[in-house]
Amino acid sequence: MKLRFTGDTAELLSGIQSLSHELGINLQEDGLAVRVQLSAGDLEVGRDQDQAYIHYGQKHQFFRGLGLLIQRSQESSVFHIHEKQQFDQVGPMFDLSRNAVLTVDGFKSMLNKMALMGLNTVMLYMEDTYEIGNEPYFGYMRGRYTEAELREIDDYADQFGIEAFPSIQTLAHLEEFLKWEPIKHYRDTKGALLVGSEATNLLIDSMIEAACAPFRSRKIHIGMDEAEELGRGKYLDLNGYESRFDIMVSHLDQVLAAVRRRGLKPMMWSDMFLKLASGNGDEYYDKNISIPEDMARRIPKDVDMVYWDYTHMEPEDYEKVIANHRPLGCNLVFAGAVWIFNTFGVNYGLSLNASDVALQVCKQEGIREVYATMWGDDGNEGNPFAALLGLQLYAEHAYSEQKPNQDWLAERVKFCTGIDMETFLQLKDLDEVPGSEPNNSKQSNPSKFLLYQDVLLGLFDKQIEGLELNSHYADLEQRIHSRRNPEAALDYLFEMPEKLAAVLKQKSEFGIDLKLAYDAKDAGTLRAMAVNGLPAIAEAVRELRAAHRTQWLRMFKPFGWEVIDIRYGGVLTRLDTAAVRIMDYVEGRIPCIEELEQERLVYSTANRFNHKGVGWCSYYYRIASPNVFYHVLNPF
């Protein structure tokens with residue numbers, strides 16, 4: 001489509017050029033005249049035959065408007081759109097700390113999609129994946145960003161009016177840095193800093209300086225969530241018992257002093273204060289929490305509190321927890337989620353429904369800043385591009401007083417990403433299987449535990465008994481394949497899920513069938529499983545690994561892939577051992593297969609028998625084996 005912009009477009013041209021290929025536009029003198037005008041605040045986009053206009057209040061709104069102009073022009077030559085932005089800031093938080101560190105080009109590709117959606121902020125969650133000049137072990141071999149890389153990301157985001165800023169950890173969640181023996185003087189417990197020490201204070205000062213230096217933004221997220229270990233390790237030995245609240249407030253004052261010296265605007269996760277106020281120290285969503293007056297008085301008011309909530313489906317749940325935060329006296333920010341945690345897919349059933357409710361409550365409660373977190377717990381088998389439908393929902397909520405219309409959401413995500421909404425939604429079926437609760441509200445993740453579980457040990461076999469998951473995944477493989485579009489730039493995202501379904505249609509119930517054949521002493525079936533079945537699964541796993549590797553290296557730095565590589569290697573070697581064990585038994589070299597003699601038990605209290613889903617496991621090492629992967633009392 002040929003366009004000719006009139007008006008002041010100087011600060012917009014670089015962004016327009018960056019999006020021109022994706023939008024299929026050319027800037028030419030004989031193109032459609034588009035009048036560009038800075039307005040009081042709302043976004044207005046329209047066209048009347050041979051002329052068009054984009055009126056915008058903020059830079060990022062122009063790029064949403066440009067996308068809307070191209071999208072609607074494909075359908076009509078006469079239209080008018082008027083949108084009022086509901087949130088001052090809305091955007092994703094990318095987890096760049098759990099192996100999957102987006103390359104600069106990968107980040108730019110994501111920013112293009114965000115610009116078309118009209119998102120205007122992005123939080124970079126970096127525990128130790130940024131450089132600190134005087135700390136060589138900080139992010140060592142972890143794919144850490146250089147200052148130049150972060151500046152390039154910030155420059156690229158800024159051309160669209162997107163504010164990029166760092167989210168770091170200044171208390172806990174620093175296991176990957178604190179594991180190194182040469183820096184043990186910073187360690188209280190395996191994941192928490194030794195607060196109160198001069199060395200730690202200097203480290204935090206360096207962290208804040210290094211994290212913020214590359215960005216235009218004066219915002220910083222200082223973390224401080226889930227610090228249950230605080231003061232219970234070396235700190236206790238050195239200082240004796242102190243209340244966690246006293247330790248935390250003292251440490252927060254130290255961190256904020258470093259933040260204030262630089263003129264930065266801080267935010268932090270709110271959970272520790274609510275947990276400490278709950279009485280038992282670990283309840284965040286307790287509706288009866290009451291913030292004591294003396295606690296509220298001691299909490300600094302110049303730090304924004306970020307309330308995170310990823311699972312609730314009822315407005316009252318959010319309303320009550322928001323009310324619990326009010327006595328803190330701080331500005332409140334909300335963080336929801338698009339669930340790519342601990343899965344190869346996306347739990348869209350939970351994500352879309354919970355986000356719909358949460359974002360409507362945020363509008364009603366006057367919360368003006370919202371984020372969609374995309375955590376990468378336990379190695380990050382998933383990826384943020386698969387979560388684009390969830391980001392689109394956040395964007396459409398941001399420009400609508402009401403819950404977005406599903407047809408409009410489908411139109412928008414197709415335009416902004418090139419992928420149909422139904423194609424994205426199929427990713428939920430990697431985990432939303434027969435036996436799961438509606439919308440997978442209990443967060444079952446069979447796509448992960450069925451791939452990694454050992455066929456001889458069958459730790460999760462009882463969880464899925466009778467659910468016919470082989471058939472489910474066979475059907476899913478065909479559905480994913482039938483919706484693939486080789487012409488779409490993001491079609492490659494669905495190669496790995498298709499290959500995973502191809503594995504699980506064979507492997508899901510293999511352990512169940514193996515145990516049945518063994519108990520029946522069916523030597524013929526056992527032989528066929530060893531000679532044909534297991535090698536076929538292994539070949540499918542090799543194809544899956546290759547597809548996953550291609551996807552990973554296309555969007556992430558190579559550091560961290562070795563973890564996934566090792567996991568695939570574990571699956572393959574155990575399949576090989578299973579075949580050897582079965583043949584040894586069938587041919588009389590061993591009297592029994594001890595693993596198959598064991599009774600199969602449910603893995604956990606989260607199972608379909610008590611309406612808690614098909615099952616959930618957060619950790620690969622617990623899926624792969626019930627035996628000891630590591631046991632460390634004193635690592636050094």
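S.K.: I keep staring at the sheet that holds strand S2 (residues 26–27) and nothing clicks. Help me out?
M.R.: Read across the open sheet, the six strands follow the order S2-S1-S3-S5-S4-S6; overall the sheet is mixed. Each edge of the sheet is formed by a strand with only one pairing partner; in this case those strands are S2 and strand S6 (78–83). In this structure, strand S1 (residues 2–6) lies alongside strand S3 (residues 32–38), joined through four bridges in parallel fashion. What sits directly across from phenylalanine 5, in S3, is valine 34. Contacts from helix H2 (residues 59–73) reach S1, S3, strand S4 (43–48), strand S5 (51–56) and S6 within the one sheet, and its direction differs from that of S4 by about 30 degrees.

S.K.: Even after reading the chapter, I still don't get the side chain of lysine 515, so can you show me in this structure?
M.R.: Considering the arrangement of structural elements, one finds lysine 515 in helix H20 (residues 510–519). Judged by relative accessible area, which is 15%, lysine 515 ranks as buried. Once you skip the residues sitting within four places of it in the chain, lysine 515 turns out to touch Leu596, Gln598 and Arg600.

S.K.: Before we go on, may I ask you to explain the pairing of strand S8 (residues 121–125) in this structure?
M.R.: Each regular strand displays side chains that alternate between the two surfaces of the sheet. The buried fraction of S8 is high, at five of five residues. Pairing of strand S7 (residues 89–95) with S8, which is carried by three bridges, proceeds in the parallel orientation. Bridge assignment links aspartate 95 to a residue of S8, and that residue is tyrosine 125. Taken together, S7, helix H3 (residues 104–117) and S8 constitute a β-α-β crossover, and its handedness is right-handed. Two elements, S8 and strand S9 (residues 163–167), share five bridges in a ladder whose sense is parallel. When the bridges of S9 are listed, threonine 121 appears paired with glutamate 163. Once the chain exits S8 it traverses helix H4 (residues 147–158) before rejoining the sheet at S9, and the crossover so formed is right-handed.

What counts, and where the lines are drawn
- Residue numbers here run from 1 along each chain, matching the order of that chain's written sequence.
- Where totals are concerned, whole chains, interfaces and linings use all residues; where local detail is concerned, this predicted model gives features only for residues with pLDDT of at least 70, and gives and counts side-chain atom pairs only at 80 or more.
- Note: side-chain values were computed over all heavy atoms of the structure, leaving out hydrogens and water.
- Note on pairing: two strands pair once DSSP finds at least 2 bridges between them.
- The way it works is that DSSP assigns letters per residue, a run of H or I at least four long becomes a helix, a run of E at least two long becomes a strand, and they are numbered from the N terminus.
- Residue contacts are defined here by distance: any two heavy atoms, one from each residue, within 4.5 Å place the two residues in contact.
- All axes here are fitted lines through C-alpha atoms, helices being fitted over the stretch that makes contact, and every angle between N-to-C directions spans 0 to 180 degrees.
- To sort residues, take the accessible area from a 1.4 Å probe on protein chains only and compare it with the maximum for the residue type: under 20% means buried, over 50% means exposed, and anything in between is partly exposed.
- Consider the strands pointing away from the viewer: the crossover is right-handed when the path from the first strand over the helix to the second runs clockwise.

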